[in-house]
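Chain residues, written in single-letter form:
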Amino acid sequence: MDRARVWLAALVLALPPSVIAATWAALAPRLPASIATHWSDTGVADGISPTVPTAVTLLSITGAMLVAGLVLAAVRLSSRTRATLLSLLAAVSGMLAAAWVVSAVTTVEAGSAQEAVLGPWLALLLGAVLLLLVPWLIHPRDDRVPHLDEPVLPLAPTDERSWRGEARSTPFLLLGIVLAVGSVLVAAVLPIAGPWLSILVAGVLLAGAAIALALARIRVTVDADGLRVRGALVMLPLRTIPLERIRVVEAHEIEPLGWGGWGYRGLPGHLAIVLRRGPGIVVTTREGSRFAVTVDDAQQGASTLAGLVARARDAERGVGGAGSGEERGDRDEP
């Protein structure tokens, strides 16, 4: 039942392109070559655009948002995160559809783009943002996840001083591409409701694309500075934990539901970057919080990090050598 509600919430994004297509088809015989696309107030239009390119552009953008919504429904995310993203997409897509309807209808009513009056149609432009409420109300938002006992993987002793691993996610790559293409289209050819809206929409889409692409391929580095996670395609720093903050290092078989789903997940006392189900490095800090990241060859990475933590701890205590007993998890240290 919950999965059906997820898909239904995503399919709300099919409404804006459908409205654009239906309005275009219904008014096509009466639409001139250009339509009004900008008003400084509720009076006569002060900006016009070619009809067909404008319709095609808006159909393409809202269609891309529909695809992004379907991708969000397919990948594993926390319910609240997915509901929020779908609602934001619905708001932007709804505003674009409303902009087309207002432009087309006012132009037809006036007989020409130059004489089109915005008038009370402003209410539709402003009210379209309320479409965000539909996915939010439909989508389930129960973020409770089952407690899962994740198997602990053995750590082999190591004297390595550094290690690097990677992990990839095709769904995040596809989502990033869709959002990036959408931002380019908006920035290039969307003056419909004024340049400020174009900049805002393009900025939101570009930020989403950067985050998605950063998660599409991550690089995990272990060295004397601690544990660092960065995007490999988009070089965004995602997480850094210095050696002195680390208390316990383990390698686990990560179950996404145990950490809130796929992606950059956050639960009370838990933070995780989960791109797949499988081996990952799990760090418990001295403050008691836990961080997990799924990565290839996680056991070797965890062993290297545990050795570095033990050597740093011994150096603090003035103890020679890197004892093997405490380095794999000093669980009794306050």
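Residues numbered from 1 in each chain as written. Predicted model: local features only at pLDDT ≥ 70, side-chain atom pairs only at ≥ 80, totals over all residues. Heavy atoms only, no water.

Some words on the sheet that holds strand E7 (residues 237-241)
Whenever strands of a sheet pair, they do so through backbone hydrogen bonds, lying parallel or antiparallel. What counts here: Only strands joined by at least two bridges in the DSSP assignment are considered to pair. In this description a helix means any DSSP run of H or I spanning at least four residues, a strand means any run of E spanning at least two, and both kinds are numbered starting from the N terminus. Axis definition: a line fit to C-alpha positions, over the contact stretch in the case of helices; interaxial angles, taken between N-to-C directions, run 0 to 180 degrees. The contact definition used throughout considers only heavy atoms, calling two residues in contact when any of these lie within 4.5 Å.
Taken in spatial order, the four strands line up as E4-E5-E6-E7 in an open sheet, and their pairing is antiparallel. Two strands close off the open sheet at either side, each with one partner strand: strand E4 (163-168) and E7. Averaged over all adjacent pairs, the angle separating strand axes in this sheet is 15 degrees, with direction ignored. Looking at chain direction, E4 and strand E5 (residues 217-223) are connected through six bridges and run antiparallel. Along E5, the bridge assignment pairs Ala-167 with Ile-218. Across the sheet, helix H9 (residues 298-317) touches E4, E5 and strand E6 (226-231), and the angle it forms with E5 is around 35 degrees.

Some details on the packing of helix H2 (residues 15-27) against helix H3 (residues 51-74)
Stated formally: Throughout, the term roughly parallel applies to angles under 35 degrees, roughly antiparallel to angles over 145, roughly perpendicular to angles from 65 to 115, and oblique to all others. Crossing handedness follows the turn of the near helix against the far one: under a right angle anticlockwise gives a left-handed crossing, and clockwise gives a right-handed one. All amino acids are sorted into three groups, where Ala, Val, Leu, Ile, Met, Phe, Trp, Tyr, Cys and Pro are nonpolar, Asp, Glu, Lys and Arg are charged, and the leftover types, Gly among them, are polar.
The contact between H2 and H3 brings their axes to 8 Å, and the two run at 160 degrees. Taken together, the axis directions place H2 and H3 in an arrangement best described as roughly antiparallel. Here H2 runs over H3; the crossing is left-handed. Note on element contacts: H3 touches H2 through Val-52, Ala-55, Val-56, Leu-58, Leu-59, Thr-62 and Gly-63, opposite Pro-16, Pro-17, Ile-20, Ala-21 and Trp-24. For the contact of H2 with H3, the per-class residue count stands at ten nonpolar, two polar and no charged.

Looking at the environment of Trp-259
Put simply, the rule reads: Categorising residues by exposure relies on relative accessible area from a 1.4 Å probe, with only protein chains included: less than 20% of the type maximum marks a residue as buried, more than 50% marks it as exposed, and the intermediate range marks it as partly exposed.
Position of Trp-259 among the secondary structure elements: in the loop between strand E8 (246-254) and strand E9 (263-267). Classification of Trp-259 by relative accessible area gives buried; the value is 2%. Sequence-wise, Trp-259 and Ile-273 are 14 residues apart; in three dimensions their C-alpha atoms are separated by 8.8 Å.

Details of the confidence of the model for the chain
Note the cut-off: Each residue gets a pLDDT score, which is the predictor's confidence in that residue and runs from 0 to 100.
Here the chain averages 83 in pLDDT, while 87% of its residues score no lower than 70. In the model, residues 144-148 has pLDDT below 50 throughout and makes eight contacts with residues more than four positions away in sequence or in other chains. In this model residues 321-334 is a low-confidence stretch, pLDDT under 50, and it forms 33 contacts with partners more than four residues away in sequence or in other chains.

Some points on the packing of aromatic side chains
We count it as follows: Ring pairs are drawn from Phe, Tyr and Trp, using the six-membered ring of Trp, whenever the two centres fall within 6.5 Å, and their geometry is named by plane angle: stacked under 30 degrees, edge-to-face over 60, tilted for the rest. By the criterion adopted, a ring carries a charge over it if an Arg CZ or a Lys NZ lies within 6 Å of its centre and within 35 degrees of its normal.
Within this structure, the stated rule accounts for one aromatic pair. Judged by centre distance (6.4 Å) and plane angle (70 degrees), the ring pair of Trp-24 and Trp-100 falls under edge-to-face. Here Trp-24 is found in helix H2, whereas its partner Trp-100 is found in helix H4 (residues 79-110), with 76 residues between them in sequence. When its relative accessible area of 22% is taken as the criterion, Trp-24 is described as partly exposed. Over the ring of Phe-291 we find Arg-239, and its NZ or CZ is 5.4 Å from the ring centre.

Quick notes on the nonpolar core
Convention followed: In plain words, nonpolar cores are sets of buried Ala, Val, Leu, Ile, Met, Phe, Trp, Tyr and Cys residues tied together by side-chain atoms within 4.5 Å.
By size, the foremost hydrophobic cluster in this structure holds 39 residues, and its most contacted members are Leu-31, Met-65, Leu-89, Trp-100 and Leu-175. Of all elements in the fold, only helix H1 (2-11), H2, H3, H4, helix H7 (170-189) and helix H8 (195-216) reach the threshold of two or more residues within this core. Among the elements that take part in this core, H4 stands out by supplying eleven residues, more than any other. In contact with Met-65, other than residues within four places in its own chain, are Leu-13, Leu-89, Val-92, Ser-93, Leu-96, Val-201 and Leu-205. Counting 32 residues, the second largest nonpolar core, distinct from the first, contains Ala-214, Ile-241, Val-249 and Ala-306.

Description of the pairing of E7
For E6 and E7, the ladder comprises four bridges, and the chain directions are antiparallel. The residue of E7 that forms the bridge with Arg-230 is Pro-237. The turn linking E6 back onto E7 is made up of five residues.

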